[in-house]
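Residue strings, one per chain:
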Amino acid sequence: MIVYWLCFILFLVGLYGVITRRNLIKIAISLSIMEFSTFLFFALVGYSEGGVAPIVDPADPVKLYVDPLPQALVLTAIVIGLATTALLMAVIIRIYRKYGSLDIREIKNLRG
Amino acid sequence: MKGMTTIVKQTTKLIAGMIFMYGIYVIVHGHLTPGGGFAGGVIMAGSFILLILAYGSDFLKLLKEESGTTMYENLAMIVVLFLAVSGLLLGTHVFFLNWIPKGTVGHLVSAGILPLYNIFVGIEVAASIVTIFLALIIFKEEVSK
Amino acid sequence: MEIAISVITGFMIIGALYAIHARDLLSAVIACGIVGYSLVICFLLLKAPDLAIVQIVVETITLIIMVAVVLDSSREEAFTKLDRQGYFTAITGIVIIVVFFYFMKISVASLDPFGEGTLRMAHSYIEGATEKTGSANLVTGVVFDFRGYDTLGEATVLVTAVLGVLTIMRIKGKK
């Protein structure tokens, strides 16, 4: 059960980074860390002790397989995380070119 | 942007083709070994990114506007949708059904419509990632105030 | 098995704490790579080879994009003093973390012990999967046949993200 505690603590570290940091790149890195913790949690829930990887070999029957359903959900989520990070980076590049700094308090104070 | 040194260019000449072939292998054997459409697509995109970074955009004469990668991506997406609708029109009247007869388990030509899905999703993912890379990093001088 | 995964997750927490507090932005991005690549080892220990392949290549592409963005803009985080608004933000963060700890205690107590199969849908997916889909890889069979709508939605999300990036960077400008 200590693995579940550590996984939640990783999520909280990412959340702390999103709340208290002022630089935009630090906020993007913390968002990425929160996503990694949820992937780890899904893979932990589907694991069975003594199971093998979910690939069927017709000549060698096996009794216990690891659950394939959480792995299918995480497979989709990893590629969507890449798309989200790329879009966030595009917005950061435009903000830096227009305002000249990456600090969220200075961006709020300037008006166009 | 400028390219890299001579050692990197010579090594890239030897390796980039092999990475592309490895990506095709992971896609086509998606229903037999771990991998599938998404992993193989990203590996194929990786070989293109390696070529662009090693030789520089001046040498490859990349145009300062949209290249043809979005055409591949849109065509692959349309074929995926057409394969999904084809279950509705041709086979039994159910949307998204696996209607091609499935062979024996473990052979390369088996599992119905799954290898075709893998191939077209792989092409679409590869074209998406190359387009994102080109738009963020290479095409820079087009933005004007 | 549980001890090995706990040690690697502890390593990831140390890397994440360093990535948040580093002053040089390039070091912070590379420390984010530590968390990503340690996740690959965790996936291999949890018997999920599909996820390991996808995570290692996607992490490489993410690192390339982040390093390019950091080298193009400022390289250092500006040093800030704690003023009144900084105190308010820190206290809000601590309150949220304490509330989360309480709910974490309740939810971890209600999970099954680690290593026993928690989900009950696994039986109906594994029993007849090779006859119904015909593929030897169960994860590909679930992704493309039993749950095909999710894959269709994810391909749409990728196309939309590329559309958004091209619109924001405005490659074909007005004449």
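Conventions used here
Residues numbered from 1 in each chain as written. Chains lettered and ligands numbered in written order. Predicted model: local features only at pLDDT ≥ 70, side-chain atom pairs only at ≥ 80, totals over all residues. Helix = DSSP H or I, 4+ residues; strand = E, 2+ residues; numbered from the N terminus. Buried ≥ 20, exposed ≤ 12 C-beta atoms within 10 Å, placed from the backbone. Contact = placed C-beta atoms within 7 Å. Rg over C-alpha atoms; globule rule 2.2 N^0.38 Å. Nonpolar A, V, L, I, M, F, W, Y, C, P; charged D, E, K, R; others polar. Core = buried A, V, L, I, M, F, W, Y, C linked by C-beta atoms within 7 Å. Domains from an automatic or database assignment. Axes fitted to C-alpha atoms, helices over the stretch in contact; angles between N-to-C directions. Parallel < 35°, antiparallel > 145°, perpendicular 65-115°, else oblique. Left-handed = near helix turned anticlockwise from the far one by under 90°. pLDDT = per-residue confidence, 0-100. Expected span 1.5 Å × (residues − 1).

**Focus on the overall build of chain B**
And step 1. Tallying secondary structure elements over chain B gives four helices and zero strands in all.
And step 2. Tracing chain B from N to C terminus, the helices and strands come up as α-α-α-α.
And step 3. Within chain B, the proportion of its 145 residues that are buried is 37%.
And step 4. For chain B, contacts bridging at least 24 residues in sequence account for 69% of all contacts bridging at least 6.

**Description of the overall build of chain A**
And step 1. The number of helices and strands found in chain A is four helices and zero strands.
And step 2. Listed N to C, the secondary structure of chain A is α-α-α-α in terms of helices and strands.
And step 3. Relative to the globule expectation of 13 Å for 112 residues, the C-alpha radius of gyration of chain A, 20 Å, shows a markedly less compact shape.
And step 4. Based on the C-alpha atoms only, the size of chain A along its principal axes is roughly 70 × 30 × 15 Å.
And step 5. Sequence-distant contacts, at least 24 apart, represent 48% of the contacts inside chain A between residues at least 6 apart.

**Examining the interface of chain C and chain A**
And step 1. At the junction of the two partners, chain C supplies 79 residues and chain A supplies 69 residues.
And step 2. Those elements that place two or more of their residues in the side of chain C that touches chain A are α1 (2-21), α2 (25-45), α3 (49-72), α4 (84-109), α5 (122-126), α7 (138-146) and α8 (148-169) of chain C.
And step 3. The element best represented in the side of chain C that touches chain A is α3(C), accounting for 13 residues.
And step 4. Class assignment for the residues of the side of chain C that touches chain A results in 51 nonpolar, 19 polar and nine charged.

**Quick word on the environment of B:G3**
And step 1. Structurally, B:G3 can be placed in the segment before α1 (6-28).
And step 2. In this structure, the C-alpha to C-alpha distance between B:G3 and B:A76, residues 73 residues apart in sequence, is 31 Å.

**Here we look at the nonpolar core**
And step 1. Formed by 100 residues in total, the largest nonpolar core has its most connected members in A:A43, A:L75, A:A86, B:V42, B:L136 and C:V54.
And step 2. Take this core: its biggest share by element is 17 residues, from helix α4 (residues 114-138) of chain B.
And step 3. Three or more residues apiece are contributed to this core by two domains, here domain 1 (1-79) and domain 3 (123-175) of chain C.

**Structural notes on the interface of chain B and chain A**
And step 1. With seven residues of chain B at the contact, the number on the chain A side is nine residues.
And step 2. Within the side of chain B that touches chain A, the residues separate by chemical class into six nonpolar, one polar and no charged.

**Section: the environment of B:H31**
And step 1. Within the secondary structure, B:H31 is located in the loop between α1 and α2 (37-55).
And step 2. Residue classification places B:H31 among the buried residues on the basis of 27 C-beta atoms within 10 Å.

**Focus: the packing of α4(B) against α8(C)**
And step 1. Two elements in contact, α4(B) and α8(C), have axes whose closest approach is 10 Å; the angle formed by their N-to-C orientations is 20°. Considering the angle they form, α4(B) stands roughly parallel to α8(C). Viewed along their axes, α4(B) and α8(C) form a crossing whose handedness is left-handed. Every residue of α8(C) that contacts α4(B) at B:V121, B:E124, B:V125, B:S128, B:T131, B:I132, B:A135 and B:L136 is listed here: C:A155, C:L158, C:V159, C:V162, C:V165, C:L166 and C:M169.
And step 2. Taken together, the residues that form the contact of α4(B) with α8(C) break down as twelve nonpolar, two polar and one charged.

**With respect to the confidence of the model for chain A**
And step 1. Taken as a whole, chain A shows an average pLDDT of 88; of its residues, 97% reach a score of 70 or greater.
And step 2. Between the elements of chain A, mean pLDDT differs from a low of 78, seen in helix α4 (residues 104-109) of chain A, to a high of 94, seen in helix α2 (residues 24-45) of chain A.

**A word on unusual backbone geometry**
And step 1. At C:K47, a position not held by glycine, the phi torsion is positive, near 60°.
And step 2. By secondary structure assignment, the location of C:K47 is in the loop between α2 and α3.

**Overview of α4(B)**
Note that an α-helix has 3.6 residues per turn; residues three or four places apart therefore point the same way.
And step 1. Here α4(B) contains 25 residues, and its C-alpha end-to-end distance of 35 Å stays within 8% of the 36 Å for a straight helix at 1.5 Å per residue.
And step 2. Among the 25 residues in α4(B), 23 count as buried, and that is most of the element.

**Remarks on α4(C)**
And step 1. Over its 26 residues, α4(C) runs 39 Å from end to end, which matches the ideal 38 Å to within 8%, given 1.5 Å per residue.
And step 2. Here α4(C) lies mainly on the outside; zero of its 26 residues are buried.

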